[in-house]
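Here is what each chain is made of, one letter per residue.
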Amino acid sequence: MESELLFYLFVIIGVLVRTLLPYLKKKAENPETPFDPKFGYTAILAIITAYIELAAVLVESPYAIAALPPRLAILTGFFFGIGNNEIWNRILHRRGGGRTAKEK
């Protein structure tokens, strides 16, 4: 049970790190930079999809997360959250109106 809770917690932390670090870098360069709410929506979407993906995994193997050592559960959850957020950011926030470089 401890590994599962750590996994869930670090999914959220991973998503928050991926959402807030780029914003804080821009804020350091220009203190007037406001937070764009579309990235907050992407973070919420990333958390929801991460838990849906986890539910799909747990249907097949109910003890997949519980069997992990706590350190591995932390790392897995953290990178699971970062990865989901990165994927949604790339899908939803492409530059150039959603067209890829080849389509331009």
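The rules we used
Residues numbered from 1 in each chain as written. Predicted model: local features only at pLDDT ≥ 70, side-chain atom pairs only at ≥ 80, totals over all residues. Heavy atoms only, no water. Helix = DSSP H or I, 4+ residues; strand = E, 2+ residues; numbered from the N terminus. Contact = heavy atoms within 4.5 Å. Areas by Shrake-Rupley, 256 points an atom, 1.4 Å probe, with all protein chains shown as cover. Lys, Arg positive; Asp, Glu negative; His and termini not counted. Charge placed at Lys NZ, Arg CZ, Asp CG, Glu CD. Salt bridge = Lys/Arg side-chain N within 4 Å of Asp/Glu carboxyl O. Phe/Tyr/Trp six-rings, centres within 6.5 Å; stacked < 30°, edge-to-face > 60°. Patch = residues over 30% accessible without salt bridge, like charges linked within 9 Å, V, L, I, M, F, W, Y side chains within 5 Å.

(A) Layout of the overall build of the protein. Counting its secondary structure elements, the protein contains three helices and zero strands. With respect to the three principal axes, the spread of C-alpha positions in the protein is 45 × 35 × 20 Å. In the protein, the proportion of contacts linking residues at least 24 apart, taken out of those at least 6 apart, comes to 81%. As presented, the protein carries roughly 7200 Å² of accessible surface, and 69% of it is formed by carbon and sulfur atoms. A gap of 11 Å separates the mean positions of the 12 positive and 9 negative side-chain charges of the protein.

(B) Representation of the pattern of salt bridges within the structure. Going through the model one piece at a time under the given rule, you end up with three salt bridges. Across the salt bridge formed by Asp-36 and Lys-38, the nearest N and O atoms sit 3.8 Å from each other. Three or more residues joined by partner-sharing salt bridges are found here, namely Arg-18, Glu-86 and Arg-90.

(C) Representation of the packing of aromatic side chains in the model. For the structure shown, the criterion picks out five aromatic pairs. When the ring of Phe-7 is compared with that of Tyr-8, the centres are 6.2 Å apart and the planes differ by 75 degrees; the resulting orientation is edge-to-face. With 5.5 Å between their ring centres and 80 degrees between their planes, Tyr-8 and Tyr-51 make a pair best called edge-to-face. Taken together, the residues span a long stretch of sequence, with Tyr-8 in helix 1 (residues 2-29) and Tyr-51 in helix 2 (residues 37-60) at a distance of 43 residues. An aromatic cluster is present here, built from Phe-7, Tyr-8, Tyr-51 and Phe-80 joined pairwise through their rings.

(D) A nonpolar patch on the surface, seen in detail. Among the surface-exposed residues, Ile-12, Leu-16, Leu-20, Leu-21, Leu-24 and Phe-35 lie close enough to one another that they form a single nonpolar patch of about 490 Å² accessible area. Here Phe-35 shows up in the loop between helix 1 and helix 2.

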